[in-house]
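# Observations on the three-dimensional arrangement
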Amino acid sequence: QVQLVESGGGLVQAGSSLRLSCAASGRTFSNYAMGWFRQAPGKEREFVAAIRWSSTYYADSVKGRFTISRDNAKNTVYLQMNSLKPEDTAVYYCAARTGGLRVGVSEYDYWGQGTQVTVSS
């Protein structure tokens, strides 16, 4: 069982940066693939980025602007978001799964409660 708690969201202007954090419980954090997803009002939850060991994968919409990383000693995964755009506004969720990198919402076993990111124009 893994419990995930996100933090770091907020209200920023377009072009700004934010760093989201996701703290995980459990002793085997390093064995999990971790993902970030987001859900905007009226839209389905969508994949943003994922990491397992040193391998990463990004949605095309954030590639080159967002960076996912993890600190296994701290049981924490991060999402550094640069050059934010109004269309990045959403609730951002952290998720975990055993096994390899995946991009599907249904392929992740554990979810955090989410943190709101709002980007004003």
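For the structure itself, consult the block above.
From a predicted model like this one, the values you see are computed outputs, not experimental measurements.

### A few points about the pairing of strand S6 (residues 55-58)
Relative to S6, strand S5 (residues 46-52) runs antiparallel, the two being bridged by four bridges. When the sheet's bridge partners are listed, Ile-51 is paired in S6 with Thr-56. A loop of two residues connects S5 with S6, the two strands running antiparallel in sequence, and Trp-53 in this loop sits at a positive phi of about 50 degrees.

### Quick look at the pattern of salt bridges
A complete count under the given rule lists five salt bridges for this structure. The closest approach of N and O atoms between Arg-38 and Glu-46, which form a salt bridge, is 2.7 Å. The class of Arg-38 is buried, set by a relative accessible area of 6%. Across the pair Arg-102 and Glu-107 runs a salt bridge, and its minimum N-O distance is 3.6 Å. You can call Glu-107 partly exposed: its relative accessible area is 32%. Three or more residues are tied together by salt bridges with common partners; here these are Arg-38, Glu-46, Arg-65 and Asp-88.

### Comments concerning the nonpolar core
Counting 35 residues, the largest nonpolar core has Met-34, Trp-36, Val-77, Leu-79, Met-81 and Tyr-92 as the members making the most contacts within it. For this core, the secondary structure elements donating two or more residues are strand S3 (18-24), strand S4 (32-39), S5, strand S7 (66-71), strand S8 (76-81), strand S9 (90-98) and strand S11 (115-120). Not counting residues within four places of it along the chain, the set of residues in contact with Val-77 comprises Leu-20, Ser-21, Cys-22, Phe-29, Met-34, Trp-36, Ile-51, Ile-68, Ser-69, Arg-70 and Cys-94.

### Examining the environment of Ser-7
When you line up the elements, Ser-7 lands in strand S1 (residues 4-7). In the structure, Ser-7 is positioned 106 residues away from Gln-113 in sequence and 9.8 Å away in space, judged by C-alpha atoms. Sequence-distant contacts of Ser-7, that is, excluding residues within four places in its chain, are made with Arg-19, Leu-20, Ser-21 and Thr-115.

How each quantity is defined
Residues numbered from 1 in each chain as written. Predicted model: local features only at pLDDT ≥ 70, side-chain atom pairs only at ≥ 80, totals over all residues. Heavy atoms only, no water. Pairing = 2+ DSSP bridges. Helix = DSSP H or I, 4+ residues; strand = E, 2+ residues; numbered from the N terminus. Salt bridge = Lys/Arg side-chain N within 4 Å of Asp/Glu carboxyl O. Buried < 20%, exposed > 50% of the residue type's maximum accessible area, 1.4 Å probe, protein only. Core = buried A, V, L, I, M, F, W, Y, C linked by side-chain atoms within 4.5 Å. Contact = heavy atoms within 4.5 Å.

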